[in-house]
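Chain residues, written in single-letter form:
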Amino acid sequence: EMHVPQHLQEASSFLHTELLTWLTGTQLALVLRSLPLGGGQSNGFAAWRTLCEEEERLDPAVEVAVLQELLHPCFEDVPGGWRQGWMEWEARLARHAPLLGSSAMRCALALCWHERQTSC
């Protein structure tokens, strides 16, 4: 069994209690789903991670739009210049890495190709 420091256990318990107090509906259901099946201590950090994963899930149309943006970066228009634009693009690329190789990526590529064909 792993030893978790007391201050982290207290922080986790506090976070879990706050989430249960303030959330309703689907978000509350997600937090309740994160409770251990066999009882035991709740994990506020696990509940928070579950909420964040759910909130960050993208609609398929948004996925395609994000990927199209990644395929056509514009580094010149970014405050801070080209280097700043490049760094922000790399950060977005890393954040959306799970989309790469997905069907959304194929749709984005097809749309980019179509735009190039129709603009000639």
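Residues numbered from 1 in each chain as written. Predicted model: local features only at pLDDT ≥ 70, side-chain atom pairs only at ≥ 80, totals over all residues. Heavy atoms only, no water.

A. A look at the nonpolar core. Grouped together as the largest cluster of nonpolar side chains are 7 residues: Val-64, Val-66, Leu-67, Leu-70, Phe-75, Trp-89 and Ala-108. Counting residues per element, this core draws most heavily on helix α4 (residues 60–71), at 4 residues. One finds Leu-19, Leu-23, Leu-30 and Ala-47 within the second-largest nonpolar core, a separate group that totals 6 residues. (Core = buried A, V, L, I, M, F, W, Y, C linked by side-chain atoms within 4.5 Å. Buried < 20%, exposed > 50% of the residue type's maximum accessible area, 1.4 Å probe, protein only. Helix = DSSP H or I, 4+ residues; strand = E, 2+ residues; numbered from the N terminus.)

B. A look at the side chain of Ser-12. Among the structural elements, Ser-12 can be located in helix α1 (residues 6–22). At a separation of 2.8 Å, a polar atom in the side chain of Ser-12 contacts the main-chain amide nitrogen of Gly-44. What Ser-12 contacts, discounting residues up to four positions off in sequence, is Ser-42, Asn-43, Gly-44 and Phe-45. (Polar contact = N/O pair within 3.5 Å; in protein donor to acceptor, adjacent residues only side chain to side chain. Contact = heavy atoms within 4.5 Å.)

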